[in-house]
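Summary of the model geometry
Letter by letter, the chains look like this.
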Amino acid sequence: FAENVFNAKKYKREQQLSNPKKKISLEFLKNKYVKMFLMGILIFVMAVAGLVIKQNLDKKKQQILEKTNSEKTKQQLLESANIDMKIGNYESSLKKFEEAKLKYKNDSEKVNEIDNKIILVKQAMIGRDAEKLGDENVTNKNYDLAKVNYEKALKIYNSTKMGDIQKLNDKIKKNNEIVDILKEEKLGDEESKNQNFLKAKEIYQAIIDKLGPDKNPEISTRIKEKIANIDKIDEADSIVGNANSLYRRGQYDLAKTKFESAL
């Protein structure tokens, strides 16, 4: 038993020598037809493998190209929206921003940036519409309403840093001048109504001086007519004074003519 334990390896070797395994014969591989067949299989396998590799490479290349084109398209769309926003094409800009938002739906940072732009564009549209309404009120001579519209638009433009602020400020300045002039004209009308013609004429003349030759010819013409009317009243007063003198001297026919002229 002890001998068997210590000679286990020797026993194993003896068993292997006494019962050798049969070797596989490869003699058939030396046949030329077998060689040609195996070579054909090898070439076929290599061709199929190459085709599969090429298809995979082409697929990845196409995917990369499509992704690149997609990113480029999204970027161009966003740039176009920004340009429209800057030049005041707000409807077009808003449409492009909303389209870009859908394309960037998987990019939360970009979506947040686009949302902020959309808010700015919508506010700018409100400001633009307020300015347009102000222009319409100026055309309709509703200057007080126009002032409210312009101030609303200016507030939005200043907060969004959008819109033509300088142009709007010029409109506000011009409209405010008209509002002030109309207030002065109203004051002159009150003086004229109370027959304080000298004071009324001073107010009207100050308005003419303020307007100058080019500003608002419609108001200038109206004020000049009021000054002319006051001058006619002065002339009528002078005629009445002359007629009274004639009347006191008994020259009734001549006095009557003067009174009619004054009337």
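Attention in this report is confined to the structure presented alongside it. Since this is a predicted model, take the numbers as computed values, not measurements. (Residues numbered from 1 in each chain as written. Predicted model: local features only at pLDDT ≥ 70, side-chain atom pairs only at ≥ 80, totals over all residues. Heavy atoms only, no water.)

This next bit is on the overall build of the chain. Broken down by element type, the chain carries 10 helices and 0 strands. If you list the helices and strands of the chain from N to C, you get α-α-α-α-α-α-α-α-α-α. A burial count over the chain gives 24% of its 263 residues as buried. In the chain, the proportion of contacts linking residues at least 24 apart, taken out of those at least 6 apart, comes to 43%. Split by element, the accessible area of the chain, about 20000 Å² in all, is 56% carbon and sulfur. (Helix = DSSP H or I, 4+ residues; strand = E, 2+ residues; numbered from the N terminus. Buried < 20%, exposed > 50% of the residue type's maximum accessible area, 1.4 Å probe, protein only. Contact = heavy atoms within 4.5 Å. Areas by Shrake-Rupley, 256 points an atom, 1.4 Å probe, with all protein chains shown as cover.)

Running from N to C, helix α7 (residues 165-193) and helix α8 (residues 197-211) point in directions that differ by 160°, and their axes come no closer than 7 Å. The angle between α7 and α8 places the two elements in the roughly antiparallel class. Relative to α8, α7 is oriented so that their crossing is left-handed. Between α7 and α8, the contacting residues are Ile181, Glu184, Glu185, Leu187, Gly188, Asp189, Glu191 and Ser192 on the first element and Phe197, Lys199, Ala200, Ile203, Tyr204, Ile207, Lys210 and Leu211 on the second. (Axes fitted to C-alpha atoms, helices over the stretch in contact; angles between N-to-C directions. Parallel < 35°, antiparallel > 145°, perpendicular 65-115°, else oblique. Left-handed = near helix turned anticlockwise from the far one by under 90°.)

Right, let's talk about the packing of aromatic side chains for a bit. The final tally for this structure, using the stated rule, is 1 aromatic pair. Aromatic side chains Tyr247 and Tyr252 sit 5.3 Å apart centroid to centroid with 65° between the ring planes, which places their arrangement in the edge-to-face category. Sitting above the plane of the Tyr104 ring, Lys74 keeps its charged end 4.6 Å from the centroid. A cation sits over an aromatic face here: Lys110 above Tyr104, 5.9 Å from the ring centre. (Phe/Tyr/Trp six-rings, centres within 6.5 Å; stacked < 30°, edge-to-face > 60°. Lys NZ or Arg CZ within 6 Å of the ring centre and 35° of its normal.)

We now examine the pattern of salt bridges. Summed over the entire model, instances satisfying the criterion amount to 14 salt bridges. For Lys171, the salt bridge goes to Glu131, with nearest N and O atoms at 2.9 Å. Taken together, the residues span a long stretch of sequence, with Lys171 in helix α7 and Glu131 in helix α5 (residues 108-139) at a distance of 40 residues. Note that Asp135 and Lys171 form a salt bridge whose closest N and O atoms lie 3.0 Å from each other. Here Asp135 is found in helix α5, whereas its partner Lys171 is found in helix α7, with 36 residues between them in sequence. The class of Asp135 is partly exposed, set by a relative accessible area of 26%. (Salt bridge = Lys/Arg side-chain N within 4 Å of Asp/Glu carboxyl O.)

Turning to unusual backbone geometry, a few remarks are in order. Look at Lys141: it is not a glycine, yet its phi comes out positive at around 65°. As for its position among the elements, Lys141 is in the loop between α5 and α6 (143-160). Note on Lys141: relative accessible area 43%, which makes it partly exposed. A positive phi angle, near 60°, is found at Lys161, a position not held by glycine. With respect to the secondary-structure elements, Lys161 resides in the loop between α6 and α7. Exposure remark for Lys161: the relative accessible area of 69% places this residue in the exposed category.

The next point concerns the environment of Leu168. Note that Leu168 resides in helix α7. Take Leu168: its relative accessible area is 0%, and that puts it in the buried class. Sequence-wise, Leu168 and Leu154 are 14 residues apart; in three dimensions their C-alpha atoms are separated by 7.0 Å. The contacts of Leu168, once residues within four sequence positions are left out, are Glu131, Tyr150, Ala153, Leu154 and Tyr157.

The subject of this paragraph is the environment of Lys161. Spatially, the C-alpha atom of Lys161 lies 9.0 Å from that of Ala124, the residues being 37 residues apart in sequence. Among the polar contacts made by the side chain of Lys161, one reaches the main-chain carbonyl oxygen of Asn158 at a distance of 3.5 Å. (Polar contact = N/O pair within 3.5 Å; in protein donor to acceptor, adjacent residues only side chain to side chain.)

For the largest pocket, the calculated volume is near 260 Å³. At the level of secondary structure, the elements contributing two or more residues to the lining of the largest pocket comprise α3 (32-87), α5 and α7. A per-element tally of the lining of the largest pocket places α5 first, with 4 residues. Residues that form the lining of the largest pocket fall into these classes: 5 nonpolar, 2 polar and 9 charged. Each pocket or cavity is described by its volume, and for the second largest pocket that value is around 220 Å³. Lining the second largest pocket, in full, are Asp135, Val138, Thr139, Lys141, Tyr143, Tyr150, Lys171, Lys174, Asn175, Ile178, Asn216 and Glu218. Looking at the lining of the second largest pocket, the elements that each hand over two or more residues are α5, α6 and α7. Among the elements that line the lining of the second largest pocket, the one with the most residues is α7, at 4 residues. (1 Å grid on protein atoms, 1.4 Å probe; cavity = no way out; pocket = protein on both sides within 12 Å on 5 of 7 lines; lining within 4 Å. Points joined across faces, edges and corners; volume = space filled by probe spheres on them. Nonpolar A, V, L, I, M, F, W, Y, C, P; charged D, E, K, R; others polar.)

Function cannot be read off these values alone, since they describe shape.
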